[in-house]
Amino acid sequence: MTITLPSAYAGSTAIYKLMAGASVVYVEIYDNYSRQTYRNRTIIMGANGREALTVPVVKPAEKTLVKDILVNNDKNWQTEHLRAIQTAYNTSPFLEFYIDDLLPFYTRKFKYLADYNMQMTQTICSILGISPELRFTDHYEKVLENDYRHLAEKHAQVPEYLYLEPYYQVFGMKLGFQPNLTILDLIFNMGPESILFIKKGLNIIPNSVSL
């Protein structure tokens, strides 16, 4: 199956469930960038609940394509994000096993947001053991089959078939299970078992969706 997804920073578990069931994934970069989306934001779970981490970008001109969005490296956001992740998942079972794979994304400077997101996506796919063919789009199509680009939006409706069964979370006893967080939440808490949660129910994902 071929699907189209938004460019996303450490995308949600729903996004990676879709990728696990796809052979080819197009990552949309020819749409117009808008603020407060998951293109440059991800949600972790800390001691006080859901916490947003946002990659700062250089203020774009009106109707700037996602492919042209620049990361604002004048801010010390990488250190702040890494510290927040380590604080949130310090007692998780698998943080120490995977954090080294992710360190380059919190130490190396990236010029373009889309490149940053894509390279992190490739690394996370490798950690999970999935291997869809990842491609950037080369133009914009308004209507597509298997179109999940809306998942970039802050208040996007996530289809029920993309939710994972509850899994262990560090603060789950205190706060209850929090669904559809960053994929990093699943990886740090469940380690090699993450793929079992991702792949469960893949057979009920529609072969053709048009939104």
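Each value, and the rule that gives it
Residues numbered from 1 in each chain as written. Predicted model: local features only at pLDDT ≥ 70, side-chain atom pairs only at ≥ 80, totals over all residues. Heavy atoms only, no water. Salt bridge = Lys/Arg side-chain N within 4 Å of Asp/Glu carboxyl O. Buried < 20%, exposed > 50% of the residue type's maximum accessible area, 1.4 Å probe, protein only. Axes fitted to C-alpha atoms, helices over the stretch in contact; angles between N-to-C directions. Helix = DSSP H or I, 4+ residues; strand = E, 2+ residues; numbered from the N terminus. Left-handed = near helix turned anticlockwise from the far one by under 90°. Contact = heavy atoms within 4.5 Å. Nonpolar A, V, L, I, M, F, W, Y, C, P; charged D, E, K, R; others polar.

Quick notes on the pattern of salt bridges
Enumeration according to the criterion identifies seven salt bridges in this entry. The closest approach of N and O atoms between Glu133 and Arg135, which form a salt bridge, is 2.8 Å. Its relative accessible area of 31% is what places Arg135 among the partly exposed residues. Of the charged contacts, one joins Asp147 and Arg149 as a salt bridge, the two residues approaching to 2.8 Å between their closest N and O atoms. The pair Asp147 / Arg149 is uniform in exposure class, with both members buried. Overlapping salt bridges bring together Glu28, Asp147 and Arg149 as one network.

Describing the packing of helix α3 (residues 95-102) against helix α4 (residues 113-128)
Two numbers describe how α3 lies on α4: the axes approach to 10 Å, and their chain directions differ by 145 degrees. The way α3 lies across α4 gives a crossing that is right-handed. Residues Tyr98, Asp101 and Leu102 of α3 pack against Thr123, Ile124 and Ile127 of α4. Taken together, the residues that form the contact of α3 with α4 break down as four nonpolar, one polar and one charged.

What to know about the side chain of Ser7
Looking at the element boundaries, Ser7 is found in the loop between β1 (2-6) and α1 (13-20). In this structure Ser7 comes out as buried when scored by relative accessible area, which is 3%. For Ser7, the contacting residues outside a window of four places in its chain are Val27, Glu28, Tyr38, Arg39, Val66, Ala114 and Asn117.

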